[in-house]
Amino acid sequence: MDEALRSNSVWLYDALNNPRHEASNIFQVLDLQQIEDIYTKKGNPTVIRRMYRDAKANVQALAA
């Protein structure tokens, strides 16, 4: 496994399992109902992290 994939896999695991993680609101930001929805959209942790960053930036831009 390459370094980026490993890093993003750990990030996704932490986001899903640690309530204090910066992305613990991943379900709300990506408008997901359950864990399976993440893999239905895109199964690659790197893509999921990118989707999260983009969605969060859009939410913050709308709030400003």
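These remarks concern the structure in this document.

Rules and cut-offs
- Residues numbered from 1 in each chain as written.
- Predicted model: local features only at pLDDT ≥ 70, side-chain atom pairs only at ≥ 80, totals over all residues.
- Heavy atoms only, no water.
- Phe/Tyr/Trp six-rings, centres within 6.5 Å; stacked < 30°, edge-to-face > 60°.
- Helix = DSSP H or I, 4+ residues; strand = E, 2+ residues; numbered from the N terminus.
- Buried < 20%, exposed > 50% of the residue type's maximum accessible area, 1.4 Å probe, protein only.
- Expected span 1.5 Å × (residues − 1).
- Polar contact = N/O pair within 3.5 Å; in protein donor to acceptor, adjacent residues only side chain to side chain.
- Contact = heavy atoms within 4.5 Å.
- Salt bridge = Lys/Arg side-chain N within 4 Å of Asp/Glu carboxyl O.
- Core = buried A, V, L, I, M, F, W, Y, C linked by side-chain atoms within 4.5 Å.

A look at the packing of aromatic side chains
Here is step 1: Here the structure, examined in full by the defined rule, presents one aromatic pair.
Here is step 2: Ring centres of tryptophan 11 and tyrosine 52 lie 5.6 Å apart, and the angle between their planes is 55°; this geometry places the pair in the tilted category. Note that tryptophan 11 is positioned in helix α1 (residues 3-17) and tyrosine 52 in helix α4 (residues 45-63), a separation of 41 residues in sequence. Of the two residues examined, tryptophan 11 and tyrosine 52, each falls in the buried class.

Quick word on α4
Here is step 1: Under the 1.5 Å per step criterion, the end-to-end length of α4 is 27 Å for 19 residues, consistent within 8% with the ideal 27 Å.
Here is step 2: Of the residues that open α4, the one with a side-chain oxygen 2.7 Å from the backbone nitrogen of threonine 46 is asparagine 44.

Here we look at the environment of alanine 55
Here is step 1: Note on placement: alanine 55 falls in helix α4.
Here is step 2: The class of alanine 55 is buried, set by a relative accessible area of 18%.
Here is step 3: Not counting residues up to four positions away in its chain, the partners in contact with alanine 55 are Val29 and Leu30.

Considerations on the pattern of salt bridges
Here is step 1: Under the criterion given, the structure shown has one salt bridge.
Here is step 2: Close ionic contact of arginine 6 with glutamate 3 constitutes a salt bridge, the shortest N to O distance being 2.8 Å. With arginine 6 and glutamate 3 both in helix α1 and three residues apart, this pair spans about one turn of that helix.
Here is step 3: Judged by relative accessible area, glutamate 3 falls into the exposed class, the value being 53%.

A closer look at the environment of phenylalanine 27
Here is step 1: Following the sequence through the fold, phenylalanine 27 ends up in helix α2 (residues 26-29).
Here is step 2: With 34 residues separating them along the chain, phenylalanine 27 and alanine 61 place their C-alpha atoms 19 Å apart.
Here is step 3: If sequence neighbours within four positions are ignored, phenylalanine 27 has contacts with Leu16, Leu32, Gln33, Gln34 and Ile35.

Comments concerning the nonpolar core
Here is step 1: Listed in full, the 12 residues of the largest apolar core are Trp11, Leu12, Ala15, Ala23, Ile26, Val29, Leu30, Leu32, Ile38, Ile48, Tyr52 and Ala55.
Here is step 2: Looking at this core, the elements that each hand over two or more residues are α1, α2 and α4.

Brief notes about the side chain of asparagine 8
Here is step 1: Considering the arrangement of structural elements, one finds asparagine 8 in helix α1.
Here is step 2: Overall, the relative accessible area of 9% leaves asparagine 8 in the buried class.
Here is step 3: Residue contacts for asparagine 8: discarding those within four places in its chain leaves Pro45, Thr46 and Arg49.

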